[in-house]
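Here are the chains, one letter per residue:
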Amino acid sequence: MLGICRGRRKFLAASLTLLCIPAVTWIYLFAGSLEDGKPVSLSPLESQAHSPRYTASSQRERESLEVRMREVEEENRALRRQLSLAQGRAPAHRRGNHSKTYSMEEGTGDSENLRAGIVAGNSSECGQQPVVEKCETIHVAIVCAGYNASRDVVTLVKSVLFHRRNPLHFHLIADSIAEQILATLFQTWMVPAVRVDFYNADELKSEVSWIPNKHYSGIYGLMKLVLTKTLPANLERVIVLDTDITFATDIAELWAVFHKFKGQQALGLVENQSDWYLGNLWKNHRPWPALGRGYNTGVILLLLDKLRKMKWEQMWRLTAERELMGMLSTSLADQDIFNAVIKQNPFLVYQLPCFWNVQLSDHTRSEQCYRDVSDLKLQKQLSELDEDDLCYEFRRERFTVHRTHLYFLHYEYEPAADNTDVTLVAQLSMDRLQMLEAICKHWEGPISLALYLSDAEAQQFLRYAQGSEVLMSRHNVGYHIVYKEGQFYPVNLLRNVAMKHISTPYTFLSDIDFLPMYGLYEYLRKSVLQLDLANTKKAMIVPAFETLRYRLSFPKSKAELLSMLDMGTLFTFRYHVWTKGHAPTNFAKWRTATTPYRVEWEADFEPYVVVRRDCPEYDRRFVGFGWNKVAHIMELDAQEYEFIVLPNAYMIHMPHAPSFDITKFRSNKQYRICLKTLKEEFQQDMSRRYGFAALKYLTAENNS
């Protein structure tokens, strides 16, 4: 938002406590009269007060009045039912080719079916207050482009969700980056009664690109002007929000304000809280025209149907063309043009109370009317699990959906012209964060990381990254946040997330506690060409070593590494606790090898490999510690990948405290029993998928 007028963080606020007592909705009686033309009394006692005697005639009149009142009430109820049914049958919003829909509900039905109209006639100490029906859908439009805005909008959405009681329909005008990030986020979030439509911002650029704009929001800061044209033609009203808004109350309270609009009022705005439009901030300061202090467009109520009838498109375009002849460009993007239009047409505005858009930089669960979210496929899978099974929690984890925020920080990647580029893929939790800078120093190529964090930890990571010169200088690192859910560390899910979101043809499947040798990135790219990975099924193995020293003079060559092996400074990885994991690499042969050599798969083999990006995913049943990489290498072998050891490549495992999951594995017998059960089930699945060729895995396991 604006540094001076449109605050960096705004709070939509102040929950109003309404002491409202429902009244009988005798709307017809308030406004009309009976057939005889006499005013209707609302109380039988009032009738008596005007009569000197309580006669049989007055009794009949009173009874007649009561009958008529009941008839009117019944008519009102019938009208409300008809309105509800009519809105429930309303056709889905008409969307152009530029719109995509993501529904958080079961199925993909139009959320407009949830509309039930507005209740009228609630009275309170502060006068008539329109109330939003429990099942009415509230529509919110947001312009969102790029990595930073995608991160900011999550805070806005979470604040809305925290207070809301109604179904929500978000209309997101987004570029391709924001759509990719937010579509995944909403799909994995699975919030009930939330629907999201995306509108291609790039296709709207031509509508506003002719307007010179000095504001940092650039062309996207002008796109609110074309919402009447962009949003569905049968959408009547929408709340428009900037991404830096935070709600402190139920958004339904703001939605209800639409019913206060009168006459030609079609825009709900809060008065600007800075002196910008007064033109007195500095000498020769010349802002765009505005009424008084002008209005801030961080929060807008748009009565779309009325604006369309007024030909809003022509209105703002003519105003902008006229003012640009003298102003040359906008300073505050759409806000300048909105204010110039309002200056000429003040009848358009309904002024919102200031608490609906508190511009801080300028001043130094309830009853639900909608179903809980239910993914039928997920529910079916979970229902098939035996809750009495001692391994139930392990099995359930395979079907858990984790909220996922792709590209949490800015990401840029320029594809290599020779099509040999390799992305390092890894996953981590908060306790491995210290490895990031070291890996970035050792690997200059693109990196894809899945981070398993809580919401609070995600903010800690953000501060850590923004405070690191090393991390901030690297734009080719994709950070994907997978939010914590359940009791196990979903290691293979994390690997899949990181592996799926790479932009290179090849991936180096590593772990966060390994440092690759200096120059490995370029060496792997040359090896990709040498071994023709593009046209063959090969998995290039990078031999793994380890040190027990927290401070290590990292070997700069194979010769130096061999010397450190001989001195006992380095060891082959896990030789003392898990020899089988890397023994097939044949370290004795590697010591003298000068050309790549092939090795055969053996039981429990789990090397770190470079493969094409279309390799199989990791099996999600393996969580926490144990067999997660072993199963993946077994599947590569089943798909007839050749395992080729690179003679001049190496990586070194750095020491750290044991993870929580390995501690559970070592101390919990049931954990080990369940892991063994999952291994057996995986092998049976392999036999079903790959037939006779997979029998060797059962034989090898029995002989190991």
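Residues numbered from 1 in each chain as written. Predicted model: local features only at pLDDT ≥ 70, side-chain atom pairs only at ≥ 80, totals over all residues. Heavy atoms only, no water.

**Side note on the overall build of the protein chain**
Thought 1: The helix and strand inventory of the protein chain stands at 24 helices and 28 strands.
Thought 2: Taking all 704 residues of the protein chain together, the buried fraction comes to 53%.
Thought 3: Accessible surface, the protein chain as shown: approximately 32600 Å² in total, 52% of it carbon and sulfur. (Helix = DSSP H or I, 4+ residues; strand = E, 2+ residues; numbered from the N terminus. Buried < 20%, exposed > 50% of the residue type's maximum accessible area, 1.4 Å probe, protein only. Areas by Shrake-Rupley, 256 points an atom, 1.4 Å probe, with all protein chains shown as cover.)

**Describing a negative patch on the surface**
Thought 1: On the surface, Asp386, Glu387, Asp388 and Glu393 cluster together into a negatively charged patch.
Thought 2: Locating Glu387 in the fold gives a position in the loop between α12 (376-383) and α13 (392-397).
Thought 3: Overall, the relative accessible area of 63% leaves Glu387 in the exposed class. (Patch = residues over 30% accessible without salt bridge, like charges linked within 9 Å, V, L, I, M, F, W, Y side chains within 5 Å. Salt bridge = Lys/Arg side-chain N within 4 Å of Asp/Glu carboxyl O. Lys, Arg positive; Asp, Glu negative; His and termini not counted. Charge placed at Lys NZ, Arg CZ, Asp CG, Glu CD.)

**Let's talk about helix α21 (residues 628-638)**
One full turn of an α-helix is made of 3.6 residues, so residues set three or four places apart face in the same direction.
Thought 1: Counting buried positions over the 11 residues of α21 gives 11, a clear majority of the element.
Thought 2: Among all positions in α21, only Asn628, Lys629, Val630, Ala631, His632, Ile633, Met634, Glu635, Leu636, Asp637 and Ala638 are buried.
Thought 3: Residue Glu640 follows α21 closely and has a positive phi angle near 65 degrees.

**Some points on the nonpolar core**
Thought 1: Within the largest apolar cluster, 115 residues are counted, with the highest numbers of intra-cluster contacts made by Leu449, Phe461, Tyr479, Phe508 and Leu524.
Thought 2: Formed by 90 residues, the second largest nonpolar core is a distinct cluster that contains Val140, Leu225, Leu235 and Leu304. (Core = buried A, V, L, I, M, F, W, Y, C linked by side-chain atoms within 4.5 Å.)

**Quick word on the packing of aromatic side chains**
In this description, an aromatic ring pair is defined by two values, namely the gap between the centres and the angle between the planes.
Thought 1: Counted by the stated rule, this structure contains 28 aromatic pairs.
Thought 2: With a centroid separation of 5.3 Å and an interplanar angle of 25 degrees, the aromatic rings of Phe261 and Tyr350 are classed as stacked. Of this pair, Phe261 sits in the loop between α8 (251-255) and β12 (267-271) while Tyr350 sits in strand β14 (residues 349-352), and the two are 89 residues apart along the sequence. For the pair formed by Phe261 and Tyr350, the shared burial category is buried.
Thought 3: Between Tyr518 and Phe554, the ring centres sit 5.6 Å apart and the planes meet at 80 degrees, which makes this aromatic pair edge-to-face. Highlighted residues: Tyr518 in the loop between β21 (514-516) and α18 (520-530) and Phe554 in the loop between β23 (544-546) and α19 (558-567), separated in sequence by 36 residues. (Phe/Tyr/Trp six-rings, centres within 6.5 Å; stacked < 30°, edge-to-face > 60°.)

**As for the state of the cysteines**
Thought 1: Counted according to the given criterion, the structure contains 1 disulfide.
Thought 2: In this model Cys391 forms its disulfide with Cys674; the gap between the sulfur atoms is 2.1 Å. Torsion about the S-S bond of the Cys391 and Cys674 cystine: about -95 degrees, corresponding to left-handed handedness. Remark: Cys674 occurs in helix α23 (residues 669-690) and Cys391 occurs in the loop between α12 and α13; sequence separation between them is 283 residues. (Disulfide = S-S within 2.5 Å.)

**Concerning α19**
Thought 1: For α19, the full list of buried residues reads Lys558, Leu561, Leu562, Met564 and Leu565. Angularly, the buried residues of α19 cover 160 degrees about the axis, an arc narrow enough to put them on a single face. Turned more than 90 degrees from where α19 packs its buried face, Ala559, Asp566 and Met567 sit exposed.
Thought 2: On its buried side, α19 packs onto β23, β24 (571-572), α20 (587-592) and β28 (651-653).
Thought 3: Downstream of α19 by one or two residues, Gly568 has phi in the positive range, about 85 degrees. (Arc of directions from axis to C-beta. Contact = heavy atoms within 4.5 Å.)

**Here we look at the pattern of salt bridges**
Side-chain pairing between opposite charges can occur once the charged atoms of the two side chains come close.
Thought 1: Per the counting criterion, the structure on display carries 30 salt bridges.
Thought 2: With a closest N to O distance of 2.5 Å, Asp242 and Lys224 form a salt bridge. With Asp242 in the loop between β10 (237-241) and β11 (245-247) and Lys224 in the loop between α6 (205-208) and α7 (227-230), this pair connects stretches of sequence that are 18 residues apart. Lys224 matches Asp242 in its accessibility class, with the two residues each being buried.
Thought 3: Salt bridges sharing common partners tie together Glu207, Lys229, Glu313 and Arg317.

**Concerning the side chain of Asp637**
Thought 1: Within the fold, Asp637 resides in helix α21.
Thought 2: Judged by its relative accessible area of 11%, Asp637 falls in the buried class.
Thought 3: Apart from residues lying up to four places away in sequence, Asp637 is in contact with Trp601, Phe643, Lys696 and Tyr697.

**Overview of the sheet that holds strand β20 (residues 506-509)**
Thought 1: Spatially, the 9 strands line up as an open sheet ordered β16-β19-β18-β17-β20-β26-β22-β27-β25, and their pairing is mixed. Taken across any chain shown, the strands that pair with only one partner, and hence form the sheet edges, are β16 (404-405) and β25 (597-599).
Thought 2: As paired elements, β20 and strand β26 (residues 608-612) share 4 bridges and run antiparallel to each other. The residue of β26 that forms the bridge with Thr507 is Val611.
Thought 3: Those strands touched by α18 are β17 (422-429), β20, β22 (538-542) and β26, and its axis lies near 150 degrees from that of β22. (Pairing = 2+ DSSP bridges. Axes fitted to C-alpha atoms, helices over the stretch in contact; angles between N-to-C directions.)

**Some points on the environment of Asn419**
Thought 1: By the secondary structure assignment, Asn419 is in the loop between β16 and β17.
Thought 2: Spatially, the C-alpha atoms of Asn419 and Tyr506 are 9.0 Å apart, while their sequence positions differ by 87 residues.
Thought 3: With residues near it in sequence (within four places) discarded, Asn419 still touches Pro505 and Tyr506.

**Overview of the packing of helix α4 (residues 146-163) against helix α5 (residues 176-189)**
Thought 1: Between α4 and α5, the least distance of the axes is 9 Å, while the angle of their chain directions is 35 degrees. By crossing handedness, the relation of α4 to α5 is classed as right-handed. Residues Gly146, Tyr147, Ser150, Val153, Val154, Val157, Lys158 and Leu161 of α4 pack against Ile177, Ala178, Ile181, Leu182, Leu185, Phe186 and Trp189 of α5.
Thought 2: Counted by class, the contact of α4 with α5 contains 12 nonpolar, 2 polar and 1 charged residues. (Left-handed = near helix turned anticlockwise from the far one by under 90°. Nonpolar A, V, L, I, M, F, W, Y, C, P; charged D, E, K, R; others polar.)

**Focus: the confidence of the model for the protein chain**
Thought 1: Looking at the protein chain as a whole, the pLDDT averages 81, with 77% of positions reaching at least 70.
Thought 2: Across residues 13-57, confidence stays below pLDDT 50; counting only partners more than four residues off in sequence or on other chains, it has 57 contacts. (pLDDT = per-residue confidence, 0-100.)

**Section: the environment of Ala498**
Thought 1: In this structure, Ala498 sits in helix α17 (residues 491-500).
Thought 2: On a C-alpha basis, the gap between Ala498 and Val425 in space is 6.0 Å, while along the polypeptide they are 73 residues apart.
Thought 3: Excluding its chain neighbours within four sequence positions, the residues that come into contact with Ala498 are Val425, Ala426, Ser448, Leu449, Ala450 and His480.

**Describing the pairing of strand β8 (residues 168-174)**
Thought 1: Counting buried positions over the 7 residues of β8 gives 7, a clear majority of the element.
Thought 2: Because side chains alternate across β8, one face comprises the buried residues Leu168, Phe170, Leu172 and Ala174, and the other comprises His169, His171 and Ile173, equally buried.
Thought 3: As paired elements, strand β7 (residues 138-144) and β8 share 7 bridges and run parallel to each other. By the bridge assignment for β8, Val143 is matched with Ile173.
Thought 4: Tracing the backbone out of β7, into α4 and back to the parallel element β8 gives a crossover that is right-handed.
Thought 5: Sheet analysis places β8 next to strand β9 (residues 194-200), joined by 7 bridges and oriented parallel. Residue Ala174 lies in a different strand from β9, and its bridge partner there is Asn200.
Thought 6: For the segment spanning β8, α5 and β9, crossover handedness is right-handed. (Right-handed = clockwise from strand over helix to strand, strands pointing away.)

**Points about the sheet that holds β21**
Thought 1: Strand order in the open sheet formed by 4 strands is β21-β28-β23-β24, and the pairing between neighbours is mixed. The open sheet terminates on both sides in strands that have one partner only, identified here as β21 and β24.

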